[in-house]
Amino acid sequence: MHCIAKKTAVLFVTVAMTLGGLAGCGLFAPHSAQDVLMRYADRADRGNYVADGKLKMVFGVLGQELSLNMDADAEVRDEALHATTASTIFGANVGAEYYLQKDGDDSVLYSSAGEGDDAVWTKSMLGDKSKEDGGSEGDGTGNGVITSALDGLLFAQKVLEKTAFAETDEGYELTVPGTALLDAIDSSEDAKKLVKDVDQQTLKDVLEDATIVLDFNKDCKLTHLALSVAMDSAQNTFDLDMSCKVSADFTISGYGSVDEATVTVPDAVKKNAVDLDDLAGDVGGLFDFSNLMGTEAQKAA
């Protein structure tokens, strides 16, 4: 279950990376995916919006299925985010709340278990490791900026090579297969660094059968995002036949309506949040479940 959750997280991180890479693309071709994305990238309000949607996960274990349905709402302003989720697990209502904010070159994710006065907050750093990993920060001459821009264009080009474009009554529809993302990551040094800590077989399992559908209106505003993926884990520590199907459907609206106060982390949350990075250092490998789905040797056997 831990590995499946990790794979789901990989999928959503990759979706975010795809949107960022494509939106920054400067390619142009009339009546094409490139054209739509270029006009979307030119919108001053594209970084300020509200997303409402549903996430469904269906777990299969030993021929039995367990479904998890979740409602999610998010407000985004520039690089800050506030989100809430609500789900029902075994008849119990479970809610969570999140804040994501920049802190220098890093991003800090605040997460709650529970709601209101009963919420228990944690925080963790989502770092930009490009400098220490030899990324495209440059040598002070501007070469790093040029390299990063060209790298981003190559990433976008690889994705767009396999992206299907269609005109609809409402506007335009772009369908991105997961294989396009695999090709794009393989071609981009910056993208490789973003996923360097992810097991490559895990990344392949997540993206091989993934599909992302983006709907835009006539003004090239992103209005709808849907994704689906099926993951199988036939070999694992417990020799269980496990699978997971994930689908998500989000409506994007309210461009320019999110104010700064909405996405600002409350002082009480900052003060009381438990630092997961410090906690992980204290606990060490005591609760390491990384081999739940089997070691590389087990998978190869």
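Owing to the predicted nature of the structure, the values given are computational and were not obtained by experimental measurement. (Residues numbered from 1 in each chain as written. Predicted model: local features only at pLDDT ≥ 70, side-chain atom pairs only at ≥ 80, totals over all residues. Heavy atoms only, no water.)

## Concerning the packing of aromatic side chains
The geometry of an aromatic ring pair is captured by the separation of the ring centres together with the interplanar angle, meaning the angle of the planes.
Here comes step 1: According to the stated counting rule, one finds four aromatic pairs in the structure shown.
Here comes step 2: Consider the rings of Y40 and F216, whose centres lie 5.6 Å apart with planes at 70 degrees: the pair is edge-to-face. Taken together, the residues span a long stretch of sequence, with Y40 in helix α2 (residues 33-41) and F216 in strand β9 (residues 211-217) at a distance of 176 residues. Accessibility assignment for this pair places Y40 and F216 in one class, buried.
Here comes step 3: With 6.0 Å between their ring centres and 20 degrees between their planes, F165 and Y172 make a pair best called stacked.
Here comes step 4: A relative accessible area of 26% places F165 in the partly exposed class.
Here comes step 5: Given the relative accessible area of 14%, Y172 is considered buried.
Here comes step 6: The aromatic ring of Y172 is capped on one face by K218, whose charged end is 5.7 Å from the ring centroid. (Phe/Tyr/Trp six-rings, centres within 6.5 Å; stacked < 30°, edge-to-face > 60°. Helix = DSSP H or I, 4+ residues; strand = E, 2+ residues; numbered from the N terminus. Buried < 20%, exposed > 50% of the residue type's maximum accessible area, 1.4 Å probe, protein only. Lys NZ or Arg CZ within 6 Å of the ring centre and 35° of its normal.)

## Side note on the side chain of H82
Here comes step 1: As for its placement among the helices and strands, H82 is situated in strand β3 (residues 80-89).
Here comes step 2: Looking at H82, the relative accessible area reads 11%, which means it is buried.
Here comes step 3: Not counting residues up to four positions away in its chain, the partners in contact with H82 are D73, A74, E75, E97, Y98, Y99, T262 and V263. (Contact = heavy atoms within 4.5 Å.)

## Points about the confidence of the model for the protein
Here comes step 1: Taken over all residues, the pLDDT of the protein has a mean of 75, while the share at 70 or more is 67%.
Here comes step 2: When pLDDT is averaged over each helix and strand of the protein, the minimum, 46, is found for helix α10 (residues 296-300) and the maximum, 94, for helix α7 (residues 260-263).
Here comes step 3: Here residues 128-144 is a poorly scored stretch, pLDDT under 50, and it has 18 contacts once near neighbours within four places are set aside; other chains count.
Here comes step 4: With pLDDT under 50 throughout, residues 281-301 is counted as low confidence; its partners more than four residues away or in other chains account for 26 contacts. (pLDDT = per-residue confidence, 0-100.)

## Some remarks on the environment of A226
Here comes step 1: Relative to the assigned elements, A226 resides in strand β10 (residues 222-233).
Here comes step 2: For A226, a relative accessible area of 16% gives the class buried.
Here comes step 3: The spatial distance from the C-alpha of A226 to the C-alpha of F250 is 6.2 Å, given a sequence separation of 24 residues.

## Quick notes on a nonpolar patch on the surface
Here comes step 1: There is a patch of nonpolar side chains on the surface, built from L66, I89, F90 and V94 and spanning about 390 Å² of accessible area.
Here comes step 2: By secondary structure assignment, the location of I89 is in strand β3.
Here comes step 3: Classification of I89 by relative accessible area gives partly exposed; the value is 34%. (Patch = residues over 30% accessible without salt bridge, like charges linked within 9 Å, V, L, I, M, F, W, Y side chains within 5 Å. Areas by Shrake-Rupley, 256 points an atom, 1.4 Å probe, with all protein chains shown as cover. Salt bridge = Lys/Arg side-chain N within 4 Å of Asp/Glu carboxyl O.)

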